[in-house]
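Per-entry structural report
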Amino acid sequence: MDLFEYMRETNQEKESPLASRLRPTTLEEVVGQEHIIGKDKLLYRAIKADKLSSILFYGPPGTGKTTLAKVIANTTSAEFKQINATSAGKKDMEEVITQAKQTNGMYGKKTILFIDEIHRFNKGQQDYLLPFVEDGTIILIGATTENPYFEVNRALISRSIVFELKTLEKNDIKKLILRAIKDEEKGLGAYKSIIEEDALEFLSDVSNGDARAALNAIELGVLTTKRSEDGAIHITIDVASECIQKRVLGYDKKGDNHYDTISAFIKSMRGSDPDAAIYYLARMLYAGEDITFIARRIMICAAEDVSNADPNAIVVATAAAQAVERIGMPEAQIILAQAAAYVACAPKSNSAVNAIFDAMRVVSEEKTDSIPVHLMDAHYGGAKNLGHGIGYKYAHDYENHYVEQQYLPDNLVGRKFYQLSNNGYEKEIQNWFLHIKK
């Protein structure tokens, strides 16, 4: 490296974005991803022991894929090379392979090749790497935001260990923001800035687990905000919302607004107003409400307010709840919208909820009579001798698979718990009952 190259890299390091300057250089500095770099985990042990095999990092933007590669670069004794698949081609890989062979031959050192956005390479480019990964010429570290099982060649995957990085937790983002503000060497500590608690909460929430987005916002805020009379730069909630270009919504996930909004959402679905239901859903999603919480409320509404007027409502709501857990945001908003709209548009009935509440009241308040003898189980020892099951009429032996007999205890004969409505499928159930009980 000549003097000019050295000065260029030095200046680039000083002037690079905050997110780049704050990249950890050791495992101990990494925030989040405990499931793969906790002290008892395979990747942590492999990095510490400098015994890496080829690996693929897969996860959303801003979760630390490149960061982990840089940590490996700082801890390994191997030669470290980096290329980006969006701009590199086969010629760049050929140069790395040639240098790797020379380094191994002359010094006995291995070469780690980090390829960012590896899914951008086509099949032929990925295939080119196979023999060199296979014979150990290079140790491959690939990073991708796309599912590697769809975007990376199977042969390359079979020679690698796939590590999935998760979206950073809110507390992880908080730690990074505070580190950025206080770090005088690589961060913004020299600016003597102060971030207010609500601004910290807002930025760590709306960044949606993307550390880069949060750090870019806090850097912009510090660099563009005038000092106050006390000589400090104050990052307020207004400054924070400007810097991340997202409007602050008055929504406290633990306060009254949380309960008011979810209440309006449920009442809109119950009231068969899909427009209002979608609007309140959007408000909750924009404010960062937990998508699993929203999905649970849709399921409850499907059972409580739609019930058997449309039995498919609970099926749609349950499927949506499973889907949002597997897929996550931002696509989960589409699934939730479909489920909320379905429940809102479905015919309504609260027959089931009234039935169970009434039955629970009777069980808790009224005398509990014995189960009719003919309904008792006759299979366990001595039951038949007690007359259990005698006189029971097997419904399938009769026309329409129905026969009239007593099912409720003696003191409740004639009591009605389930009162069918005239809406949707419950009307058909009523007609069926009239047909078989005539």
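First, a word on scope: everything that follows refers to the structure included in this document. None of these values were measured; they are calculated from a predicted model.

When helices and strands are counted, the protein chain shows 20 helices and seven strands. A globule of 438 residues ought to have a C-alpha radius of gyration of about 22 Å, yet the protein chain, at 32 Å, is considerably larger. Taking the principal axes of the C-alpha coordinates as reference, the protein chain spans close to 100 × 65 × 40 Å. With 438 residues in all, the protein chain has 42% of them scored as buried. On the protein chain, roughly 25,000 Å² of surface is accessible, and the fraction owed to carbon and sulfur atoms is 51%.

With omega at 10°, the peptide bond leading from M329 into P330 counts as cis. Position of P330 among the secondary structure elements: in the loop between α17 (312-327) and α18 (332-345). A positive phi angle, close to 60°, is found at S272, a residue other than glycine. By secondary structure assignment, the location of S272 is in the loop between α14 (256-270) and α15 (274-286). S272 gets classed as partly exposed once you look at its relative accessible area, which sits at 39%. Unlike most non-glycine residues, S307 shows phi in positive territory, near 55°. Mapped onto the elements, S307 comes out in the loop between α16 (291-306) and α17. Judged by relative accessible area, which is 9%, S307 ranks as buried.

On to the environment of S268, then. Here S268 is to be found in helix α14. Remark: the alpha-carbon pair of S268 and Y280, spanning 12 residues in sequence, is separated by 8.6 Å. In this structure, S268 is in contact with D273, A276, A277 and Y280, ignoring residues within four places of it in sequence.

What counts and how
Residues numbered from 1 in each chain as written. Predicted model: local features only at pLDDT ≥ 70, side-chain atom pairs only at ≥ 80, totals over all residues. Heavy atoms only, no water. Helix = DSSP H or I, 4+ residues; strand = E, 2+ residues; numbered from the N terminus. Rg over C-alpha atoms; globule rule 2.2 N^0.38 Å. Buried < 20%, exposed > 50% of the residue type's maximum accessible area, 1.4 Å probe, protein only. Areas by Shrake-Rupley, 256 points an atom, 1.4 Å probe, with all protein chains shown as cover. Contact = heavy atoms within 4.5 Å.

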